[in-house]
Amino acid sequence: MGRMENQELPELPAYAERVLQVAEQIPPSRVMTYGDVAEWLGEGGPRQVGRVMALYGSSVPWWRVVRADGTLLPGHEHRALGHYRAEGTPLREPEGGPARLDMRRARWDGTDG
DNA sequence: GTGCTGACACAGG
DNA sequence: ACCTGTGCCAGCA
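Residues numbered from 1 in each chain as written. Chains lettered and ligands numbered in written order. Predicted model: local features only at pLDDT ≥ 70, side-chain atom pairs only at ≥ 80, totals over all residues. Heavy atoms only, no water.

Draft legend 1. Highlighting the nonpolar core. Residues V19, V49, M53, V65, Y84 and L101 are the most contacted members of the largest nonpolar core, which totals 31 residues. When residues of this core are traced back to their parent elements, those giving at least two are helix 1 (14-25), helix 2 (34-41), helix 3 (46-56), strand 2 (65-66), helix 4 (77-87) and helix 5 (103-106). If one sorts the elements of this core by residue count, helix 1 sits on top with six residues. Those residues in contact with V65, other than ones at most four positions away along the chain, are A23, I26, M32, Y34, V37, V49 and M53. (Core = buried A, V, L, I, M, F, W, Y, C linked by side-chain atoms within 4.5 Å. Buried < 20%, exposed > 50% of the residue type's maximum accessible area, 1.4 Å probe, protein only. Helix = DSSP H or I, 4+ residues; strand = E, 2+ residues; numbered from the N terminus. Contact = heavy atoms within 4.5 Å.)

Structure below.
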């Protein structure tokens, strides 16, 4: 047949694959914003990265890709917070207020050092 | 084709 | 600190 049946995985858009690959590189206790990922990739924008994470993010450490203001994902706060505490991600937890990421300390610029 | 939506970002008030 | 409007861009009805 003139057709490769080497189709082990569902076809993932190339861009989505790159986004997920970046997400996997984020070290524990660190985060990148959607915009950071897009900029690091040099392609797409924060909304496109957000779409990829919404559709395919479950296969990578999704809690390490966050909004720029450090607020937690609505509907996933509890799960995300569990991960942050477990890996020691810098948080700001005001008394009686919603926990947020301390972006100044947690943000990772993509350089390993 | 047009218009709305969205795991966003930023500037104002 | 919070809310609102605007810019952004791909996907979808």
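Draft legend 2. Molecular detail of helix 2. Buried within helix 2 we find Y34, D36, V37, A38 and L41. Contact partners of the buried residues in helix 2: helix 1, strand 1 (32-33), helix 3 and strand 2. Note on helix 2: the residue one or two positions beyond its end, G42, has a positive phi of about 70°.

Draft legend 3. Quick look at the protein's contact with DNA strand B. Residues in contact with DNA strand B amount to 13 residues; listed here are only the nearest, Y34, R47, A54, A68 and L73. Within 4 Å of the protein, the atoms of DNA strand B are drawn from sugar and phosphate moieties in a proportion of 38%. At 3.5 Å from a phosphate oxygen of DNA strand B is found a main-chain nitrogen or oxygen belonging to G35. Backbone polar atom of A68 to a phosphate oxygen of DNA strand B: 2.7 Å apart, as the coordinates give it. The greatest single-element share of the surface near DNA strand B, amounting to six residues, is contributed by helix 3. Of the residues contributing to the surface near DNA strand B, the split by class is seven nonpolar, four polar and two charged. (Near = heavy atom within 4 Å. Polar contact = N/O pair within 3.5 Å; in protein donor to acceptor, adjacent residues only side chain to side chain. Nonpolar A, V, L, I, M, F, W, Y, C, P; charged D, E, K, R; others polar.)

Draft legend 4. Broad picture of the protein's contact with DNA strand C. For DNA strand C, the full set of nearby residues is R47, Q48 and R51. Take the atoms of DNA strand C that sit within 4 Å of the protein: sugar and phosphate atoms are 69% of them. At 3.1 Å, a side-chain N or O of Q48 approaches a sugar or linking oxygen of DNA strand C. Here a sugar or linking oxygen of DNA strand C and a side-chain polar atom of R51 are 3.2 Å apart.

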